[in-house]
Amino acid sequence: MPTLFGSGIKRREDPRLITGRATYTDDVKLPGLIYLAILRSPYAHAKLGKVDTKAAKAAPGVLAVYAGADITDRVVPVPCAWNVPNCNLKTPPHPLLAHQKVRYVGDGVAMVIAESRAAARDALDLIEVDYEPLKAVTDPERACQQGAPQLHADVPNNLAFTWVVAGGNADEAFAKAEAKVSLRIVQQRLLPTAMEPRAAVASYNAGTGQLTLWATSQNPHIHRFLCSVMLKIPEHRVRVIAPEVGGGFGSKIPCYADEVLACLASMDLGRPVKWTEDRSENYKATIHGRDHVEYVEMCGTRDGKITGLRTRVYAGLGGYASTAAPGVPTILHGLMYSGAYTIPNIHGTVHGVYTTATPVDAYRGAGRPEATYLIERLVDTLAREIGMDPVEVRRKNFIPKDAFPYTVATGLTYDSGNYHGTLDKALGMLDYGAFRAEQEKARQQGRYLGVGVSSYAEICGLGPSQVAGAVGFGGGLYDSAVVRVYPTGMVRVYIGTKPHGQGEETTFAQIVADEFGYPVESVEIVHGDTESTPQGWGTYGSRTTAVGGTAVKLAAQRVKEKAKKVAAHLLEANEADLEWKDDAWVVRGSPDKRKSFAEAALMANVAWNLPAGVEPGLEATAFFDPTNFVYPFGTHLCTVEVNPETGQVTVLRYIAVDDCGPPINPMIVEGQVHGGVIQGIGEALQEMAVYDAEGQLLTGTMMDYAVPKASQMPKIETAHTVTPSPVNPLGVKGVGETGTIASVAAVVNAVCDALAPLGIKHIDKPLTPARVWAAIQQAKGNGGGR
Amino acid sequence: MIPQTFDYVRARNVGDALKALAAKDGTKVIAGGHSLIPLLKFRLAQPARLVDIGHLDELRGVTEVRRGAKIGAATTYRDLLESKLLAERYPIIAEVTSGIGDLQVRNKGTIGGGLAHADPAADMPAVMLALDAQLVLRSKRGKRTVAAREFFQGAFSTAMAEDELLIAIALPPLPRGAGTAYVSFEQAASGYALAGAAAVVKRSRSTVAHCTLAMTGISDRPYLVRAAEQLVGTQGLPDAIEHVAAQAAAGVEVNGDIHAPADYRRHLAVVAARRALQKAFVRSKK
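Being a predicted model, the structure only gives us computed values, none of them experimental. (Residues numbered from 1 in each chain as written. Chains lettered and ligands numbered in written order. Predicted model: local features only at pLDDT ≥ 70, side-chain atom pairs only at ≥ 80, totals over all residues. Heavy atoms only, no water.)

### Regarding the overall build of chain A
Stated formally: Secondary structure counts use DSSP, requiring at least four H or I residues in a row for a helix and at least two E residues in a row for a strand, with both numbered from the N terminus. Just to be clear, the radius of gyration here is over C-alpha atoms, and the globule rule we use is 2.2 Å times residues to the power 0.38. Here, two residues are considered to be in contact whenever any of their heavy atoms come within 4.5 Å of each other. Only the protein chains shown count as cover for residues, and all accessible areas are computed by the Shrake-Rupley method using a 1.4 Å probe. The charged-residue count follows a simple rule in which Lys and Arg add positive charge and Asp and Glu add negative charge, with His and chain termini not counted at all. The atom standing in for a charge is NZ when the residue is Lys, CZ when it is Arg, CG when it is Asp and CD when it is Glu.
A tally of regular secondary structure across chain A gives 20 helices and 28 strands. Radius of gyration (C-alpha) of chain A: 28 Å, near the 28 Å computed for a compact globule of 786 residues. The dimensions of chain A, computed from C-alpha atoms along their principal axes, are 90 × 75 × 45 Å. Long-range contacts, defined here as pairs at least 24 residues apart, represent 80% of the contacts in chain A between residues at least 6 apart. A total of about 27,300 Å² of accessible surface is found on chain A, and carbon and sulfur atoms cover 52% of it. The centroid of the 75 positive side-chain charges in chain A is displaced by 1 Å from the centroid of its 82 negative side-chain charges.

Structural data, given as structure tokens:
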């Protein structure tokens, strides 16, 4: 019987999604439902005076209006849950509604609860607020200079932390180096733009003391815990349900004030309360991503051996430290400075800086795209400096495949890899030599073709809980599954992770169905409700399959072990004499003596005839805590043509060769790569969140924030190599973020390669036509054509 | 994204709509809603009343008028694309319309709505200028016709009075054998023009006999480039076209924003103008 593992079956969740039969949070309707709207600061930075809610309270349909002062003493401020050690981290209180001060455009100032969504929205206009505007600063490098506007009283120079990573002796390496290159890199702010904005429905029952919160969450158990802390309700009386979640890209990991405000309102008013963001609110009030200003250097020998890497990074945090924010530019970024290479000497300094902008937190890739980008830009820059093919420099510095497990200078131990394998495969798909020849010919005709290489290794499958504790992550990082077999043999699997688009209802069912010799239809995956699922830590950091999937596998194996005992008993045979064949145990040598898994399941559930000492029922729970992270890797190649007249970049070919271990469902893997690559191309070519000098978000709607459209994107050619991870029994690594991690550098490297004949070394992303044109004008020496 | 409360009137006919507008009480006209509804949701527009004309058959459709055409103001972009008459006589209309929004937008959005909205970066206004369109306005006071070149008076500002309704667009015949072209550079997020150029070129034997060039996206309103006349009498060689295109934004106060600083937009205007003139020239019959 062919296994389902490795089969590209269609996603089982799609029919309901594409026929409008899925239930999202905003679809939840309860009797007596009332609506919450939040008044948000129009100023980036201001002293908050009187908040006059009288007129709003008197408006038709309005049930209650609150300002910050009304709730301050009742709730615990929004916590930061990743307290990275040894960096002097300062996380000043983040009130649910601002009091005394607002710190970004979108900071919540007051809330209205009304009988209808429209009445709540109308009443916002009736709240009068005295603001005393202060100076804004949204650039993280400028925000920590002397004299910059100060956001928090007890955080001098807005410096939230200074974190250092060091291995080897970078200063000595640079002092001795034959070749050195440096770049100033801006990794622009991005808006995550999940298709579904955030929403919450909170329902508190004063009779039972139970709070139920439906919310757009990637990690309902974490939200249960944080709600319990903030609202001071015992955790076992809080139930969080994340129904269908329409994408997150990290933006639905954090704990936000808004969902908790809905809970508070329901507790006060005794009715269920709904809050739903609209898109322009989402762009202001939901976390942003990236936002680094970086000074980076690489040194090496003239024959292409990289000997050192140094960085100084200013990472913007926005007005407050969001839930996981301190860990993103440090643990998930700085520890990856060795990339796919054996760089012996590394020194990185990361300054986390408060700015008068929306808080920044994990966005697809979270720290690793920034790391890969700076490393891969430096490798290309070094290659050009020493006159060597960038492919050769990479080859020369890759961690060799027989060196794994390999400990890099930052202290991480990579699990497995074959970096030359993905590079060679990608180069073969492109025919690199032929492209270089074509490029040369094109240059003679005044055309600008370029090829960009991006070889990456990334850290995911978060991760060992012991490491989580050591790096200040405020939770565990194991995950869980309950496999429950019904009398008819049908199976439900309750998982602690929370898929929200990644397809685990399909891939996890493939794992379980294989174990029992079932068709995939016999297995249902249940997730998102803390009432029915075991303690887990959610879906992010490409951890769901490597950690949660392994828990599923282990629980299924436990169930199968018990079923085997029952089968042996029914067959009056020793367990040792049973052989598993397709979907049943067969007594060795007596092929007609067989019991299927379903037959054993029935007997276990009715318990008429069980072996001595075996309990009735058939279910098992497994918690899996990995011993290490997993490290997917690959090489992406991008070829472009740049129009020198208009600055427009056309992607000619995009080739992604990734290795995430054995793919459970190759079609889903390909889909994840496609999505990730497109987000990365968006980052490379067109996406940027822009604030003006007053801290107003100029890209506050989709009319100005350029989310990639299908018509703007190239065809993506994918391929894989398979190098299993030794960290989990499935051998799998994550693939949800690899596309985003690899692609940004591939595209920018290609454009910089195309424009090399003009002497252009670097252009900051996004490489919009305007920026590319300006760089070309500058290179030609006519100062932008003015 | 919830608009301020407003009254809604579904007009039974044009007379009905004109009556509502005659009250001059801030009533706004809605047809496809693709310009107005976003403004309502942002509360940038807060009209007390909307009068809906989108369903009025008398305002929809393309009709033949001698050698020209008349387009009802509530004709959807999709209907424009499907009009054989327009495809034959004014292929530039299909060329520009196929780039407006997406299928859903084109199914609902109307040409009259877009023109009356007068977004300074919209594509269609430039085409209307290049074709010398005449916009037919009606009110209870009567009917008048305004040339497209007089109609657009600034960003989101037109020659229409508060009580007037745009009911049709009259297109005069193109010079026989003329070629037309619309070329634009799109803003990546909105799809609106960073710079757009609409050109009409007619050749007579070996020389250019007629040339109009209209620009959009460059400043606060679409405009005709007077220098286009300089192509007339020339052979339409690249140098002559370049000479005209170079003046595409001459003397114009050019917008600059996060998508295109003014110097880049000015440059794009020249490139768009040149490409549109070249295409129109090639498409014109010798």
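Moving on, there is more to tell.
### Thoughts on the overall build of chain B
Test applied: Partly exposed describes any residue whose relative accessible area lies between the buried limit of under 20% and the exposed limit of over 50%, with all areas from a 1.4 Å probe on protein chains only and scaled to the type maximum.
Each helix and strand counted, chain B has 11 helices and 14 strands in total. Relative to the globule expectation of 19 Å for 286 residues, the C-alpha radius of gyration of chain B, 19 Å, shows essentially globular dimensions. Over its C-alpha atoms, taken along the principal directions, chain B stretches across nearly 60 × 45 × 35 Å. When burial is assessed residue by residue, chain B has 53% of its 286 residues classed as buried. Of all intrachain contacts in chain B linking residues separated by at least 6 positions in sequence, the fraction that spans at least 24 positions is 61%.

### With respect to the pairing of strand β9 (residues 199-205) of chain A
Residues and elements named next belong to chain A. Cut-off, in case you're wondering: Each pair of strands is called paired provided DSSP finds at least two bridges between the two strands.
Inspection of the sheet shows β9 paired to strand β12 (residues 273-276) by four bridges, in the antiparallel sense. Looking at β12, one finds that A202 is bridged to V273. As paired elements, β9 and strand β10 (residues 210-215) share six bridges and run antiparallel to each other. Across the sheet, the residue bridging to S203 is T212, located in β10. Between the end of β9 and the start of β10, which pair antiparallel, lie four residues, with G209 showing a positive phi angle near 75 degrees.

### Some details on the environment of B:R274
For B:R274, the location among the structural elements is in helix α11 (residues 262-283). Between the C-alpha atom of B:R274 and that of B:A155, which follows or precedes it by 119 residues, the distance is 25 Å. Setting aside residues no more than four positions away along its own chain, B:R274 makes contact with A:E645, B:I241, B:E242 and B:A245.

### Thoughts on the domain arrangement of chain A
Residues and elements named next belong to chain A. Counted only if it meets this: Domain borders in the structure are assigned automatically or taken from a domain database. Two parts placed together each lose some accessible area under a 1.4 Å probe, and the buried area is that loss summed for both.
Domain assignment breaks chain A into domain 1 (26-134 + 195-247 + 252-285), domain 2 (289-462 + 628-785) and domain 3 (478-624). Between the C-alpha centres of domain 1 and domain 2 the distance comes to 36 Å. Counting residues at the interface gives 29 residues for domain 1, matched by 29 residues for domain 2. Both sides of the domain 1 and domain 2 interface together cover about 2,200 Å² of buried area, and 68% of this is carbon and sulfur. Three residues, W82, Y104 and Y283, lead the burial of domain 1 against domain 2; their summed loss comes to 31% of the area buried on that side.

### Thoughts on the sheet that holds strand β26 (residues 633-642) of chain A
As a general point, the strands of a sheet are linked pairwise by backbone hydrogen bonds and lie either parallel or antiparallel. Residues and elements named next belong to chain A. Filter applied, for reference: Comment: axis = line fitted to C-alpha atoms, over the contacting stretch for helices; angle = value between 0 and 180 degrees taken between N-to-C directions.
An order of β18-β26-β27-β28 is seen for the four strands of this open sheet, with the pairing classed as mixed. Only two strands of the sheet have a single partner each, and these edge strands are β18 (448-457) and β28 (716-720). Each neighbouring strand pair of the sheet contributes to a mean axis angle of 15 degrees, computed without reference to strand direction. Note: β18 against β26, 10 bridges, orientation antiparallel. If you follow Y456 over to β26, its bridge partner there is G634. Strand contacts of helix α18 (residues 666-685): β26, β27 (649-659) and β28, with the helix running at about 130 degrees to β28, the strand carrying the most contacts.

### Examining the domain arrangement of chain B
One can read the domain layout of chain B as domain 1 (7-50), domain 2 (59-171) and domain 3 (179-283). Using only C-alpha atoms to locate each centre, domain 1 of chain B and domain 3 of chain B end up separated by 35 Å.

### Focus on the nonpolar core
All names here are of chain A. Applied cut-off: The definition of a nonpolar core used throughout is a set of buried Ala, Val, Leu, Ile, Met, Phe, Trp, Tyr and Cys residues joined through side-chain atoms within 4.5 Å.
Counting 153 residues, the largest nonpolar core has M298, Y414, V642 and Y654 as the members making the most contacts within it. Other than its neighbours up to four places away in sequence, Y414 contacts M336, S338, G339, I399, F404, P405, Y406, V408, Y419, A457 and Y631. Of all hydrophobic cores here, the second largest spans 49 residues; its members include V523, W585, A604 and L610.

### Description of the interface of chain A and chain B
The condition is simple: Between Lys or Arg on one side and Asp or Glu on the other, a salt bridge is scored when a side-chain nitrogen of the former is within 4 Å of a carboxyl oxygen of the latter. Distance and chemistry together define a polar contact, namely a pair of N or O atoms within 3.5 Å, with one atom able to donate a hydrogen and the other to accept it when in protein, and with adjacent residues in sequence counting only for side-chain atoms on both sides.
With 29 residues of chain A in contact, the opposing surface of chain B contributes 25 residues. Regarding the contact of chain A and chain B, the summed buried area is about 2,100 Å², with carbon and sulfur atoms giving 56% of it. Along the contact surface separating chain A from chain B lie four salt bridges. Between A:D122 and B:R43 there is a salt bridge whose closest N-O contact spans 2.5 Å. The interface formed by chain A and chain B contains 13 residue pairs in polar contact (both at pLDDT 80 or more). Elements represented by at least two residues in the side of chain A that touches chain B include exactly α4 (117-124) and α20 (769-780) of chain A.

### Section: the side chain of A:Q679
Residues and elements named next belong to chain A. Positionally, Q679 belongs in helix α18. Exposure remark for Q679: the relative accessible area of 10% places this residue in the buried category. At a separation of 2.6 Å, a polar atom in the side chain of Q679 contacts the side chain of R364. Apart from residues lying up to four places away in sequence, Q679 is in contact with P192, F249, Y363, R364, E687 and T740.

### Brief notes about the sheet that holds strand β2 (residues 46-52) of chain A
In space, the three strands of this open sheet follow the order β4-β2-β6 (chain A), with antiparallel pairing throughout. Edge positions in the sheet fall to β4 (101-102) and β6 (128-133) of chain A, since each of these pairs with one other strand and no more.

### A word on α18(A)
Short version of the rule: A helix is expected to reach a length of 1.5 Å times the quantity of its residues less one.
The terminal C-alpha atoms of α18(A), which comprises 20 residues, lie 28 Å apart, in line with the 28 Å expected from a rise of 1.5 Å per residue. Among the residues of α18(A), the N-terminal cap falls to A:N665, whose side-chain oxygen and the backbone nitrogen of A:M667 are separated by 3.0 Å.

### Focus on the packing of aromatic side chains
The line we're drawing: Two rings from Phe, Tyr or Trp (for Trp, the six-membered ring) form a pair when their centres are within 6.5 Å of each other. A pair whose planes differ by under 30 degrees is stacked, one over 60 is edge-to-face, and the rest are tilted.
Using the criterion set out here, one finds 19 aromatic pairs over all chains in the structure. Residues B:F151 and B:F152 carry aromatic rings whose centres are separated by 5.1 Å and whose planes lie at 90 degrees to one another, so their mutual orientation is edge-to-face. You'll find B:F151 and B:F152 in the same group, each marked buried. An aromatic cluster of at least three residues, connected via ring pairs, comprises A:Y341, A:F398, A:F404, A:Y419 and A:F633.

### Remarks on unusual backbone geometry
Residues and elements named next belong to chain A. Between F404 and the following residue, P405, the backbone shows a cis peptide bond with an omega angle of -5 degrees. Along the polypeptide, P405 turns up in the loop between α11 (390-397) and β16 (406-407). Put simply, L462 and G463 share a cis peptide bond, and its omega is -25 degrees. Along the polypeptide, G463 turns up in the loop between β18 and α14 (465-470). Residues other than glycine seldom take positive phi values, yet K232 does so here, at roughly 60 degrees. For K232, a relative accessible area of 54% corresponds to the exposed category. For D291, which is not glycine, the phi torsion reads 70 degrees and is therefore positive. Residue position: D291 is located in strand β13 (residues 289-300). Classification of D291 by relative accessible area gives buried; the value is 8%.

### Describing the environment of A:H236
As for its position among the elements, A:H236 is in the loop between α7 (220-231) and β11 (238-241). As a C-alpha pair, A:H236 and A:Q557 span 321 residues in sequence and 30 Å in three-dimensional space.

### Describing the packing of helix α10 (residues 368-386) of chain A against helix α19 (residues 738-754) of chain A
Residue and element names in this part refer to chain A. Quick reminder of the rule: Should an angle fall under 35 degrees it is taken as roughly parallel, and over 145 as roughly antiparallel, whereas 65 to 115 is taken as roughly perpendicular and any remaining angle as oblique. The hand of a helix crossing depends on one turn: near helix anticlockwise from the far one by less than a right angle means left-handed, and clockwise means right-handed.
With their axes 8 Å apart at the nearest point, α10 and α19 run at an angle of 30 degrees to one another. Overall, the two elements α10 and α19 adopt an arrangement that is roughly parallel. Note that α10 runs across α19; the crossing there is right-handed. Here R368, P369, T372, Y373, E376, R377, D380 and R384 of α10 lie close against α19, whose contacting residues are T740, I741, V744, A745, V748, N749 and C752.

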